[in-house]
Amino acid sequence: FFFLMTRRPPRSTQSRSSAASDVYKRQIIAMQGPQLPIAAAFKINESGMNLQFSPFEGDKLAVVAAENFGIAGRGRILIFKLTPDSKLILVKDIVEKDAIFDCSWSEENPNLLVTASGDGTLKTWDTLQGVLLGVIQGHKGEIYGCECNHKSTNLCLSSGFDGLINLNDIVANKVIQPFFGHRGVVYSATWHPTESNKLFATCGACLLYTSDAADDLLCVDLGGRRVIKKKK
């Protein structure tokens with residue numbers, strides 16, 4: 001079981017018709033070797049954008065989706081239970097008014113899920129009750145990625161179309177620190193797996209940004225593999 005996502009152009013810079021056309025053109029995928037039949041475990045009308053297993057329960061899976069590849073329309077959060085015979089049971093279905101591009105489970109509470117939305121908001125949900133707990137409006141444009149910190153469980157990164165990486169407090173529902181200076185859309189940001197104060201991000205300009213949350217921001221050219229600038 002998996003969801004296949006093709007990257008779509010940002011809604012902020014494309015007309016609806018041209019963006020959809022570009023997405024469909026990129027859906028032609030060449031496959032090498034024998035093609036194995038794949039049976040869908042669960043079907044939805046929206047495009048699957050991302051998914052993540054719970055760090056607490058190995059059989060619980062969150063999937064986020066968007067209509068029309070996120071160009072226009074609603075979003076959905078689906079919580080599944082995986083049975084021993086690999087079947088999916090839908091236990092919660094939450095419909096949102098805007099597209100959802102990414103999700104991240106809290107490392108403290110097994111029911112808390114953070115989502116990245118097309119309207120520029122980072123949202124925290126109680127997936128057991130299906131209730132919205134908090135909203136952070138920290139981006140001007142779509143948020144493409146989010147990730148909760150594995151040690152400081154109130155912290156969550158968000159990255160988006162506006163070129164920002166935000167350090168957010170999902171308990172206080174506010175942006176603690178924005179990181180500026182990125183060239184192009186920031187598609188993804190992640191925490192270092194063992195050093196919880198270090199973050200990494202990559203953007204549309206083919207640059208990798210690394211940072212200590214309390215120190216400087218470094219920019220690395222992925223082609224030349226060298227540091228090309230350093231900013232406070």
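Since the structure is predicted, the reported quantities are computational estimates derived from the model, not experimental observations. (Residues numbered from 1 in each chain as written. Predicted model: local features only at pLDDT ≥ 70, side-chain atom pairs only at ≥ 80, totals over all residues. Heavy atoms only, no water.)

Asker: How should the sheet that holds strand β10 (residues 155-160) be read in this particular structure?
Answerer: The strands making up a sheet associate through hydrogen bonds between their backbones, and the pairing can be parallel or antiparallel. With antiparallel pairing, the four strands of this open sheet are ordered in space as β9-β10-β11-β12. Pairing within the sheet leaves two strands with one partner each, and these edge strands are β9 (143-148) and β12 (174-179). On average, each strand axis in the sheet is inclined to that of its neighbour by 25 degrees, with strand direction left out of account. (Pairing = 2+ DSSP bridges. Helix = DSSP H or I, 4+ residues; strand = E, 2+ residues; numbered from the N terminus. Axes fitted to C-alpha atoms, helices over the stretch in contact; angles between N-to-C directions.)

Asker: Explain the packing of aromatic side chains to me, please; I cannot follow it from the model alone.
Answerer: Two aromatic rings, taken as a pair, are described by how far apart their centres are and by the angle between their planes. This model, assessed by the stated rule, comprises two aromatic pairs. The interplanar angle of 35 degrees and the centroid separation of 5.3 Å between the aromatic rings of Y144 and Y187 together place this pair among those described as tilted. A residue pair is termed long-range when its members are at least 10 positions apart, and Y144 in strand β9 and Y187 in strand β13 (residues 186-191) qualify at 43 residues. By relative accessible area, which is 5% here, Y144 ends up buried. Connected via pairs of aromatic rings, a cluster forms that spans F101, Y144 and Y187. (Phe/Tyr/Trp six-rings, centres within 6.5 Å; stacked < 30°, edge-to-face > 60°. Buried < 20%, exposed > 50% of the residue type's maximum accessible area, 1.4 Å probe, protein only.)

Asker: Please explain the nonpolar core as it appears in this structure.
Answerer: The nonpolar side chains of a soluble globular protein tend to be buried with one another. Judged by nonpolar contacts, L155, L157, I165, L167, F179, V186, A189, W191, L199, A201 and C203 together constitute the single largest core of 11 residues. Core analysis: the next-biggest nonpolar cluster, separate from the first, contains 10 residues, I94, C103, W105 and W125 among them. (Core = buried A, V, L, I, M, F, W, Y, C linked by side-chain atoms within 4.5 Å.)

Asker: Could you clarify how one ought to interpret the sheet that holds strand β2 (residues 60-66) in this entry?
Answerer: Taken together, four strands build an open sheet; the order of strands is β1-β2-β3-β4 and the sheet is antiparallel. Here the strands that pair on one side only, and so sit at the sheet edges, are β1 (47-53) and β4 (88-96). Across the sheet, the mean angle from the axis of one strand to that of its neighbour is 20 degrees, orientation sign disregarded. Across seven bridges, β2 lies against strand β3 (residues 75-82) in antiparallel orientation. Counterpart to K60 in the pairing with β3 is K81.

Asker: Even after reading the chapter, I still don't get the side chain of H192, so can you show me in this structure?
Answerer: On the secondary structure map, H192 appears in the loop between β13 and β14 (198-203). One polar contact links the side chain of H192 to the main-chain amide nitrogen of T194, over a distance of 3.1 Å. A polar contact of 3.0 Å, which involves the side chain of H192, links it to the backbone nitrogen of E195. Leaving out residues up to four positions away in the same chain, H192 has contacts with H150, K198 and F200. (Polar contact = N/O pair within 3.5 Å; in protein donor to acceptor, adjacent residues only side chain to side chain. Contact = heavy atoms within 4.5 Å.)

Asker: Would you mind going over the pairing of strand β11 (residues 165-169) with me for this structure?
Answerer: The side chains of a regular strand alternate between both faces of the sheet. The element β11 is largely enclosed, with a buried count of five among its five residues. Residue alternation in β11 divides its side chains into two sets, I165, L167 and D169 and N166 and N168, and both sets are buried. With five bridges connecting them, β10 and β11 associate as antiparallel partners. Bridging across to β11, L157 finds its partner in L167.

Asker: I would appreciate a short explanation of the confidence of the model for the chain in the present structure.
Answerer: Close inspection of predicted coordinates is inappropriate in any region flagged by low pLDDT. Summarising the model, the chain shows a mean pLDDT of 79, and 69% of its residues fall at 70 or more. Mean pLDDT across the elements of the chain ranges from a minimum in strand β17 (residues 226-231), with 42, to a maximum in strand β7 (residues 121-126), with 98. This stretch, residues 219-232, has a pLDDT under 50; its non-local contacts, to residues over four places away or in other chains, come to 33 contacts. (pLDDT = per-residue confidence, 0-100.)

Asker: Just to check I follow, could you spell out the state of the cysteines for this structure?
Answerer: Defined simply, a disulfide is a covalent bond joining two cysteines at their sulfur atoms. With the rule as written, the count across this model stands at zero disulfides. This cysteine, C103, is not joined by any disulfide, and C146 carries the nearest cysteine sulfur, 6.6 Å off. The exposure class of C103 is buried, given its relative accessible area of 3%. (Disulfide = S-S within 2.5 Å.)

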